[in-house]
Amino acid sequence: MTTAFSILIDALAYGMVLFIITIGLSVMMGLMRVTNLAHGAFAMIGGYLAAYFTGGLGWNFAAALAVAVAATVAIAMPLERLLYRRIYTLPDPLMQLLMTIGITFVIIGLTNYLFGPTLKTIPLPDLLRGPVDIGPRTVPAHRLFVITSGFAVFAALWLLIERTGFGTRLRAAVDNGPMANALGVRTDRLYAATFALSVGLAAFGGIVGAELLPLEPYYALRYMVVFLVVVSVGGAGSIGGALAASLALGLIDTIGRYFVPDFGAFFFYLAVIVIVVLLPHGIFGRAHT
Amino acid sequence: MTAAIPNLTAWRKQAASARIGRDVVGVTIVALAGGAAYFTFPDDLALLRSVMIAALFVLSLDLVVGYCGVATLGHAALYGAGAYAAGIACVRGIVDPLMLLGIGAIAGGLAALITGSIILRATGLPQLVLSIATLELGREAANKASRITGGSDGLTGIEPGALLGLFTFDLWGRTAYLFSLIVLVVLLFLLLRLVRSPFGLLCRGIKEDRIRIRSMGASVFPQLLKMYVVSGMVAGIAGALAAVTTGVVGLDSLGFEKSAMAIVMLVLGGAGSLYGALTGAAVFVVFEHVVSSINPFHWLSMVGALLIVVVLFLPRGLWSLAGQIERRLLRLRGVGE
Amino acid sequence: MRLRTIPIIVAAALGIIVPAAAETVKVGVIGTFSGPFALPGKNFKVGIDAYQAINGKTAGGHAIEFIYKDLDAPNPAKAKALAQELVVKDRVQYLAGVYFTPNAFAIAPLLEEAQVPLVIFNAATSSITQKSPYIVRTSFTLWQNTVPIARVALKQGAKKVAIAVSDYGPGIDAEAAFKKTFEAGGGSIVEALRLPLSTADFGPIMQRIKNSGVDTIFAFLPAGPPTVGFVKAYIDNGLKAAGIKLVSTGDLVSEPDLPSMGDAAIGILSTFHYAPSHASPENQRFLAAIEKGGGSLSEVMMTSVGAFDGMHVIYKMIEATNGQRDPKKAIEAVKGLRWNSPRGPVVIDPETRHIRQNVYLRIVEKQDGRLFNKEIETFPDQPDYGLTAQN
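Described below are features of the structure shown in this document. Everything numeric in this text was worked out from a predicted model, so none of it was measured. (Residues numbered from 1 in each chain as written. Chains lettered and ligands numbered in written order. Predicted model: local features only at pLDDT ≥ 70, side-chain atom pairs only at ≥ 80, totals over all residues. Heavy atoms only, no water.)

### Focus on the interface of chain A and chain B
Convention followed: The contact rule is simple, with two residues in contact once any of their heavy atoms fall within 4.5 Å. Using a 1.4 Å probe, buried area is obtained as the accessible area two parts lose upon being combined, added over both of them. A side-chain nitrogen of Lys or Arg and a carboxyl oxygen of Asp or Glu constitute a salt bridge if their distance falls within 4 Å. Each polar contact in these results corresponds to two N or O atoms within 3.5 Å; when the atoms are within protein, one needs to be able to donate a hydrogen and the other to accept it, and residues that are neighboring in sequence are counted only if both atoms are side-chain atoms. A run of H or I in DSSP becomes a helix once it reaches four residues, and a run of E becomes a strand once it reaches two; helices and strands are each numbered from the N terminus.
Counting residues at the interface gives 39 residues for chain A and 34 residues for chain B. Both faces combined, the contact of chain A with chain B buries some 3,400 Å², and carbon together with sulfur accounts for 87% of it. If you sort the residues of chain A by the area they bury against chain B, Leu98(A), Phe105(A) and Ile273(A) come out on top, with a joint share of 18%. For the pair chain A and chain B, the number of links is zero salt bridges. Summed over the shared surface of chain A and chain B, the result is one residue pair in polar contact (both at pLDDT 80 or more). When contributions to the side of chain A that touches chain B are tallied by element, the ones reaching two or more residues are α3 (61–87), α4 (93–115), α10 (224–234) and α12 (266–278) of chain A.

As C-alpha cells, then:
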C-alpha cells in the first residue's frame, strides 16, 4: 500500500513538472498551430537564469524565480516578432519544425558559450530542501513544492481561460481564427500575448523542475521529445488534456522505472504509441482542418 | 486525337529518353566527383565515406518526406535496423560484404513494414509523435537486448571478409570508400528511375492532395507503405554499409539525433529532388567536421543560424539554387520553359 | 641546448635534416572536451600540462605534439573514425585518453594494424586491456576500486545490500565485483538494479531500495550529472535519515560535485585510487603545477592524475624507442615500470598492462568551509581483480 502511495507521489511530481512546462506549448500549438521545438530551450533559459541569479549573484529563490521568468519572456518576445510571425502561416509543418530546431541549436550554442557545458543546479532555500515526513513515507520537500505549483498553475490558467475576456478571445481564435479576426479580435496581439504566456510557463517549469530535469546545454533537445509527446497525447489546446496526459504519462514512466528500471523508457513510449493510435488528436483534443 | 498533336508517340519517346539521359548524366557526374575525390583527398577517405553513407540515408528520407509528404523524425529506426542486422550477422559468421548489405536491406524493409503500419495511418503532429515513439521504443529494446546488440557498449568485432573475395577492408579505407561510392551511385540511379515511374508520380500526387488521389480511385495507405518499405531498404543498406565499413555499431544508430540531423540535411539541400539530399548531406557533414573540431558548440549555433536562414529565404534548399541558376541560363539562351 | 642545435643547423644548411633528433612525436588525445562530461575531459589536459611543466616538454630529446579530438559521449563509430583520422591523416605515434569504455572497445581492433599503442587515461572496464596487446592503462578499474569497499562494508557489519549501478561496462563490472566479494564474506545482495545511463529522476529507485529493507546501498555511476542526482535523491528521499548507509567508489563523491550535494554528503564512505587531499610530496608538486598553469584546484578530478601518469608512461615509451615508431618495444619498456605517482606508489602490471596501485578508504568531511574526501585507510598494491578473477 505504501508502495502504491510512493509511486503516486513520484508520478504526481514528475507529471506536474511535465504539465507546467508543456501547457504553454499545448496552448501555442492549439492556437498558432506552430510546432515550437524551441519550447524546451525557453524552459532551459529560465532554469539557467535562475541558477545564475541564485548561485552566481546570491539572490533568494523567490526573487530569482520571478526575475528569471520575466527575463526569459523578454528574451523571447523579439524572436516572436522577427521569426515566429513569419512561420505562422506556412503551409508545411516541416518548415516550422526546422526553423524552431534552428532557434534551439543557436540557444544551445549560446548557453554553452556563456555558462559552460557542465550541469547547473539551482540551490533551493532551506524550506524546500531535504526530506519531509508526511506519514506513510518521506517525500523530498521539493517534490511537494512542484506538486502544489502544478495545481496552482492549473487553477490560474483555468480561471484565465474560462473566466476572463482574454480567455474568451483566445478560445474564439482557437476555434476559428479568421472568424474571430473578422469579428474584431486582434489576433496578432493575441498571438504575442499567448506566446509570452507560453514562454513564461516554460521558464517557470524549467526552474521548478530543475531537480528532476537537470540543466545542461543539451536540455533543450534532450527533453523536447518528451514535451512534444505529452502535448500530442493531451491534445493541443486543451488544458484538461494536458494535465491528464502529463499525469498519465508521468505515472506510466514512474511505474516503469520502479518495477523494471533496466527497461528505461520502453513502457513510456509503448503507452504513447497505443494512445496516439487510438486517439490521434489526443485525449481531449479536437481535429483541426 | 493523336493527329492533333503530330508525332505524340515520338515526342513521348524522346522525352522519356531525355529523362533517362539526364539521370545517367547526373549519376555519372556524382560517380566522377567521387572518383576525383579519391585521388585528391587520399587522407580523408573516411570522412568522404561518411558523407556518402549519410547521403544514402538522406536519400531514403527524401523518398518519404520529399516525395510522399510524410512527417517523420524516426527514420533512424530503419537505418539502425540495417546496421544492427548486418553487424550481428557478421559477428555470427556471415562475412561476405554484399550479403551483409542484403541482410541490411531486408532488415530495413521489415522495420519499415512494422513501423510504417503504425506511422502512416496518421498525418501531421500525431504522425511525427508516432515516428519518434517507435524510434525510441526500438532504441530501448536494442539497449535491453544487450547480449546481442552490445547495449551501451556497442557492437564491436565486426570484421567483414574481402569484397568479392579480392579487396580487403583496410585501415586506410580505400576499399570501403570505393565500395560505398559504387553502392551510392547504383542506388541513386535506381531511385531516380523510381521517382519518375508511375508509382513515384502517384506518391507525389498523394503528397500534393490526398483527397483528390482517393477520389481518383487510388488507395493511399498501401502506396505509402510501399514507398516507405523501399525507403526502409535503402536506409537499411546505408546502416549495413556503415556497420561493414566502420566495424562498430552503437546505439546512436537508433538515436533521435540521427533522425533529426538527417531531416536538417534534407531541408538544407532541398527535399523532393534527390540531388538535394546529396547536396545537403555533403555540405552538412563536411561543415560539421571542419567546424566542430574547432569548437563543437559553435558548429551547432552556426547550423541553427543556417537553418533559420534557409527556412526564411531558401525554403526549397540549396539545390533549388542550382535550379534557379539553370533557369536563368536557359532564359539567357532564349529557351522558354 | 646549444651543443645540439649547432649540428642541426649545419645539417640543415647541408640540406640533410637529422631525423632522430628533430622529429616531433605526435600523440593523439581523444577525450570529452565538450558536453556534460567536459570537466573530466578538461582534467586530461590539466594532467598533461602539469606533467610537462614538471618534467619538461621533451622526452629523450624529442619534442611532443598533442592533437586533441573531442568525443563527448559513448559513440563507438565516431571513436573509431577519430582514431583512424589521427593515425592516417595526422600520423600519430601514440593514442591516448579515452573517457568511455565503449569508445575504447571500438578503437582496440585497429591498434595492431596501425602499429600504435594506446595509453588509456580513464576508461575503466577490466576487459579493455585484453582487447589488444598494445593497450596500457593508467587509470583504474571498477574491480580494483570495488573489492576494497565490499570488504569495508563487511567489516562494518553490513548484512543486506542493494546494488545500484549504471547499465554499461563499468557499472556491470562494479556490480559483479561487489557481489562476488560481499557474498564471499557472508553478506546477501537483496537487490541488484541496473539503471539506464540517461536516468535523471532517481526517486522511484530510491523508493524501491527503501522498501527492500536493506541496511546499505552500494552504487556506481559515472561522475557528473548522474552521481549528483543519485546522491541528492538518496538524501532527499530520507534514506540517509532512515539509517541506510551509502558506500561507493570515489566516482560518486568527486570533489567538483560535492558542493552541489551540500553538507548532507558528509560521512559518505568511498574507496578510490586518488584523492586531491592525498599527503605526499609528489601530489604537492602536481597540485602546485596545476595552480601555476592557471588551473583551479577545486576542479581537479581523478582523470587529471590518470593523464599525468599516462604521460609518464608515454615519455618512457618515447625514450625507449628513441622517438621511432616501435610499438612492441614501447610496450615492453613500460611493463613492470614502477614510480611514485601523485596518488601513491604505482606499477604497470606486466601481465595485464594495467596499473597496480594503492586504493584508499575515504570519508567526506568539511574543512575550512570546503567539502573534500579524507583518506582514512590504505589498501596497498591492489591489482585489477577483474582480470585476476577470470584467470
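The structure having been displayed, the exposition proceeds.
### Some points on the sheet that holds strand β4 (residues 94–97) of chain C
Pairing between sheet strands relies on hydrogen bonds along the backbone, with the strands arranged either parallel or antiparallel. All names here are of chain C. We apply this condition: For two strands to be treated as a pair, DSSP must find at least two bridges joining them. Inter-axis angles, ranging from 0 to 180 degrees, are taken between N-to-C directions of lines fitted to C-alpha atoms, where helices are fitted over the stretch in contact.
Taken together, six strands build an open sheet; the order of strands is β2-β3-β1-β4-β5-β6 and the sheet is mixed. Looking at the sheet topology across the chains shown, the edges are occupied by β2 (58–59) and β6 (135–137). As paired elements, strand β1 (residues 25–31) and β4 share four bridges and run parallel to each other. When the bridges of β4 are listed, Val-29 appears paired with Ala-96. Strand contacts of helix α4 (residues 76–88): β1, β3 (62–70) and β4, with the helix running at about 150° to β3, the strand carrying the most contacts.

### Some details on helix α1 (residues 8–40) of chain B
The test is simple: For a helix, the expected span equals 1.5 Å multiplied by the residue count minus one. Accessibility here uses a 1.4 Å probe with only protein chains present; expressed as a share of the type maximum, an area under 20% marks a residue as buried, one over 50% as exposed, and anything in between as partly exposed.
For α1(B), which comprises 33 residues, the first-to-last C-alpha distance of 47 Å matches the rise-based estimate of 48 Å (1.5 Å per residue) to within 8%. Along α1(B), the residues that are buried comprise Leu8(B), Asp23(B), Gly26(B), Val27(B), Val30(B), Gly34(B), Ala37(B) and Tyr38(B).

### Thoughts on the interface of chain A and chain C
What counts here: Under the scheme applied here, ten amino acids are nonpolar (Ala, Val, Leu, Ile, Met, Phe, Trp, Tyr, Cys and Pro), four are charged (Asp, Glu, Lys and Arg), and all others, including Gly, are polar.
Contacts between the two partners involve 28 residues from chain A and, on the opposite side, 26 residues from chain C. When residues of chain A are sorted by the area they lose upon contact with chain C, Arg257(A), Tyr258(A) and Pro261(A) head the list and together hold 23% of the total. Taken together, the links from chain A to chain C amount to two salt bridges. Here Lys232(C) and Glu211(A) are joined by a salt bridge, their closest N and O atoms 3.3 Å apart. Inspection of the region where chain A meets chain C yields five residue pairs in polar contact (both at pLDDT 80 or more). Of all the elements in the fold, those that place two or more residues in the side of chain A that touches chain C are α1 (2–32), β2 (138–140) and α11 (239–259) of chain A. Of the residues in the side of chain A that touches chain C, the class split is 13 nonpolar, eight polar and seven charged.

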